[in-house]
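Spelled out from the first residue to the last, the chains are:
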Amino acid sequence: MDLARHGFPETKPEAEAPVQPAFRPAPTPASTPGKPKAESLIAPDITIEGKIEGAGHVRIAGSFKGDVNVRGDLTIEAGARVTGSVRAEKVTIAGELIGNIESAVHVDLQQSGALTGDLKAGSLSVAAGSRMRGQAEFGWDDAKDGHSTHKTHGQNGTAP
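Keep in mind it's a predicted model, so treat the numbers as computed, not measured.

A. Representation of the overall build of the protein chain. When you go through the protein chain residue by residue, the secondary structure sums to one helix and 14 strands. Per-residue burial over the protein chain gives 27% buried out of 160 residues. Taking contacts inside the protein chain between residues at least 6 apart in sequence as the whole, the part at least 24 apart equals 2%. For the protein chain, the accessible area works out to roughly 11,400 Å², and carbon and sulfur atoms hold 53% of it.

Here is the structure:
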């Protein structure tokens, strides 16, 4: 039956409004459990001078001159050369590092690796054939025991 012909207004079903999902912020990479950190690469034919800072992993296969400070891992590939100080969670050296490792949870000096500089790390792995010239401090947890023999001395040679 055609209702419009008999004086009744034609009714159409109302279109349903799209349902808006509840607002959920996108998870940030640092807060996503189990998600690996991004890795940055300096390719073998690249030479860079500057400073590297941030979160994530860094892999150097070329040459880099400057300081590296990352909340992540640093890998120096075989044939690569880094000149500068390093702070990272894990440092893997298969190439050459000329500079100090000022802070690391773990350092892995591989067979083809060479380190010219001092090293401070929670732990150290050294492969046969690797080379190092400098001082190494590892295995000490100054913050945990508070009784370490590695105390910072003031200008007059006394412990603070």
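B. Expanded view of the confidence of the model for the protein chain. Looking at the protein chain as a whole, its pLDDT mean stands at 79, while 66% of the residues score no less than 70. Counting interchain partners and residues more than four positions distant, the pLDDT-below-50 stretch residues 18-32 has one contact. Note that residues 145-160 has pLDDT below 50 and, in this model, 13 contacts with residues that lie over four places away or in other chains.

C. Highlighting the side chain of Thr75. Considering the arrangement of structural elements, one finds Thr75 in strand S5 (residues 73-76). What makes Thr75 buried here is its relative accessible area of 15%. Excluding residues that lie within four positions of it along the chain, Thr75 makes contacts with Val58, Arg59, Ile60 and Thr92.

D. Geometry of the pairing of S5. As paired strands, strand S3 (residues 57-60) and S5 are joined by three bridges and run parallel to one another. Paired with Arg59 across the two strands is Thr75, which belongs to S5. Summarising the sheet, S5 and strand S8 (residues 90-93) pair through four bridges and their orientation is parallel. Residue Ile76 lies in a different strand from S8, and its bridge partner there is Ile93.

E. Fine view of the nonpolar core. In terms of nonpolar packing, the biggest core is built from 23 residues, with Ile60, Leu74, Val91, Ile93 and Ile101 touching the most fellow members. At the level of secondary structure, the elements contributing two or more residues to this core comprise S3, strand S4 (63-71), S5, S8, strand S10 (101-109) and strand S12 (119-126). Residues in contact with Ile101, not counting those within four places in the same chain, are Val86, Val91, Ile93, Val107, Leu115, Asp118, Leu119 and Lys120.

F. Here's a closer look at the environment of Gly54. Counting through the fold element by element, Gly54 comes out in strand S2 (residues 47-55). As for Gly54 and Ala88, which are separated by 34 residues in sequence, their C-alpha atoms are 10.0 Å apart. Excluding residues that lie within four positions of it along the chain, Gly54 makes contacts with Asn69, Val70 and Arg71.

G. Geometry of the pairing of S8. Note that S8 and S10 share four bridges and pair parallel. Bridging across to S10, Ile93 finds its partner in Leu109.

H. Up close: the environment of Ile98. For Ile98, the location among the structural elements is in strand S9 (residues 96-98). On the basis of relative accessibility, which here comes to 24%, the residue Ile98 falls in the partly exposed class. In this structure the C-alpha to C-alpha distance between Ile98 and Thr116, which are 18 residues apart in sequence, comes to 4.8 Å.

I. A look at the pattern of salt bridges. Under the counting rule described, the total for this entry stands at five salt bridges. Residues Glu77 and Arg59 are paired through a salt bridge, measuring 2.2 Å at the closest nitrogen-oxygen approach. Here Glu77 is found in the loop between S5 and strand S6 (81-83), whereas its partner Arg59 is found in strand S3, with 18 residues between them in sequence. Judged by relative accessible area, which is 26%, Arg59 ranks as partly exposed. Here Arg81 makes a salt bridge to Glu96, at a shortest N to O gap of 3.6 Å. With Arg81 in strand S6 and Glu96 in strand S9, this residue pair connects regions lying 15 residues apart in the sequence. Arg81 gets classed as partly exposed once you look at its relative accessible area, which sits at 38%. For Glu96, a relative accessible area of 26% puts it in the partly exposed group.

The rules behind these values
In this numbering scheme, every chain counts its residues from 1 along its sequence in written order. Where totals are concerned, whole chains, interfaces and linings use all residues; where local detail is concerned, this predicted model gives features only for residues with pLDDT of at least 70, and gives and counts side-chain atom pairs only at 80 or more. Excluded from the side-chain calculations are hydrogens and water; all other atoms, namely the structure's heavy atoms, are used. Numbering of helices and strands starts at the N terminus; helices are DSSP runs of H or I of at least 4 residues and strands are runs of E of at least 2. Remark: exposure states derive from per-residue accessible area (1.4 Å probe, protein chains only) relative to the maximum for the residue type, with buried under 20%, exposed over 50%, and partly exposed in between. Whether two residues are in contact is decided by their heavy atoms: any pair within 4.5 Å suffices. All accessible areas in this document rest on Shrake-Rupley with a 1.4 Å probe, and a residue is counted as covered only by the protein chains that are shown. Known as pLDDT, the predictor's per-residue confidence is scaled from 0 to 100. By the convention used here, strands pair only if DSSP detects at least 2 bridges between them. Here the nonpolar core consists of buried residues drawn from Ala, Val, Leu, Ile, Met, Phe, Trp, Tyr and Cys, with membership extended through side-chain atoms lying within 4.5 Å. We count a salt bridge whenever a side-chain nitrogen from Lys or Arg sits within 4 Å of a carboxyl oxygen from Asp or Glu.

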